[in-house]
Amino acid sequence: MVYLKQTILPINMQCYSEHQIRQFHSEFRSHKKYADKLILFYRIFGIIPFPFPDFDPQLRFFFQKEKTEELITIFKKERNNPGLTEKKFFFGESFLFSIKPANSNSSAYSNFILSSFLSRAPVFEEWIRKNTTEEKPVEVLLDEANAIINHIEYCLQHEYNKSFAFQCMPVFFKGFYDAFRNRVNLPDKKRKFIELYLYAQGIIYANYISSLKSALQKSQNQEELHSSLNLDLTGKLGLLNELGIIDFLKNKYAGLDSVSFENKVLEIICLLGGDSGEQKESVHKILSAINRQAQHGKAKSNASSTHRNGM
């Protein structure tokens, strides 16, 4: 996964005073490394010049015309505006802020933009918690996401058309597939904003599906744990017997008369098991069965011991 090493928030993009521009320009010129110039440019002006669509689990920019039109508009703006890497100001003299990359810096420029797109991804653990409902549990969200990816893959393998949406799909799917294999390929040259956005969306969508799978597994584990804790009456009494608690109670209240002894032991066992007193009869029957099994096992053990001694 590719992210900025630290979050660098751009200053609110407003009209700057001459004094501010002179200060910014002086700081900009003082940086010798291209990466440092990129960071400062981003802080002052931002580096992504157009509003790109936020994360959409339905990927509607592929399937809804009005959403696809948003990407087409961005594509046209970028194509018709070659000066996106420069900001110019004039206060008696020109102040130029340029991050136009030389060939040696093209990769750094594209990587920075890709990281900026990736940093806009939601925190999926929180996103999933907020967007799951009884009607749409995690399983449904995961099924929908997998169905969308399967549909895109089918289109790429079996269909072809010259629509803008179709031309965008391979870039998105490459990002998805690279992230799925944990082999994200960083751009080695200057790429268009739309390309970097689509590749980033593919990576983000792979993380989305991975997060859904983790959330589903966590939910299933909790259900299994809940189920294992909710033992039936026989299971509870068997566990108490295995832990030696029933024998402990018998020894503790052995001095009582038979009726008091039985009632006391049954009452405590019902309390320990979280069962109502109305189940005393059932508890009594199960305890009697456990006692018979224990006596039977003891008799077999004694017989076996006598047989060995006779040998």
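Conventions and cut-offs
- All residue numbers refer to position in the chain's written sequence, counted from 1.
- Local features are withheld for residues below a pLDDT of 70 in this predicted model, meaning they are given only at 70 or higher, and side-chain atom pairs are given and counted only at 80 or more; totals for whole chains, interfaces and linings count all residues.
- As a rule here, side-chain values come from all non-hydrogen atoms in the structure, and water together with hydrogens is ignored.
- Aromatic pairing here means that ring centres of Phe, Tyr or Trp (its six-membered ring) are within 6.5 Å. Orientation follows from the plane angle: under 30 degrees is stacked, over 60 is edge-to-face, and everything else is tilted.
- Note on geometry: a ring has a charge over it if NZ (lysine) or CZ (arginine) is within 6 Å of the ring centre and within 35 degrees of the ring normal.
- Grouping buried Ala, Val, Leu, Ile, Met, Phe, Trp, Tyr and Cys residues that are joined through side-chain atoms within 4.5 Å yields what is termed a nonpolar core.
- For every residue, the accessible area obtained with a 1.4 Å probe (protein chains only) is divided by the maximum for its type, and the residue is called buried under 20%, exposed over 50%, and partly exposed between those limits.
- Secondary structure elements follow DSSP: runs of H or I of four or more residues count as helices, runs of E of two or more count as strands, with numbering from the N terminus.
- A helix is expected to span 1.5 Å multiplied by its residue count minus one.
- Starting at the helix axis, one direction is taken to each C-beta atom, and the arc is that of these directions.
- pLDDT is defined as a per-residue confidence score from the predictor, taking values between 0 and 100.
- Contacts between residues were defined by any pair of non-hydrogen atoms, one from each residue, lying within 4.5 Å.

### Quick notes on the packing of aromatic side chains
Per the stated rule, a full pass over the model turns up 29 aromatic pairs. Members of the aromatic cluster, joined through ring pairs, are Phe52, Phe55, Phe61, Phe62, Phe63, Phe117, Phe124, Trp127, Phe172, Tyr197, Tyr205 and Tyr208. Just above the ring of Phe28 sits the side chain of Lys37; from NZ or CZ to the centre is 4.4 Å.

### Things to note about the nonpolar core
Residues Phe52, Phe62, Phe117, Tyr205 and Tyr208 are the most contacted members of the largest nonpolar core, which totals 65 residues. Considering each element in turn, this core owes the most residues, 15 residues, to helix H9 (residues 193-229). Of all hydrophobic cores here, the second largest spans twelve residues; its members include Leu237, Leu240, Tyr253 and Leu287.

### Comments concerning helix H7 (residues 138-158)
For H7, with 21 residues, the first-to-last C-alpha span of 30 Å sits near the 30 Å given by 1.5 Å per residue. Every buried residue belonging to H7 is among Val138, Leu141, Leu142, Ala145, Ile148, Ile149, Ile152 and Cys155, and all of these are buried. Angular distribution of buried residues about the axis of H7 spans 160°; they occupy a single face of the element. Facing away from the buried side of H7 by over 90 degrees, the exposed positions are Asp143, Gln157 and His158.

### Remarks on the confidence of the model for the protein chain
On average, residues of the protein chain carry a pLDDT of 82, and 82% of them reach 70 or more. Low pLDDT, under 50, characterises residues 1-13; the stretch is placed with 27 contacts to residues that sit more than four places away or in other chains.

### Thoughts on helix H1 (residues 18-30)
If you check H1, its first and last C-alpha atoms are 18 Å apart, about what 13 residues at 1.5 Å a residue would give, namely 18 Å. Looking at H1, one finds that the buried residues are Ile21, Phe24, His25 and Phe28. Viewed end-on, H1 has its buried residues packed into an arc of 100°, placing them on one side of the element. Contacts from the buried residues of H1 go to helix H2 (34-45), strand S1 (86-90) and strand S2 (94-98).

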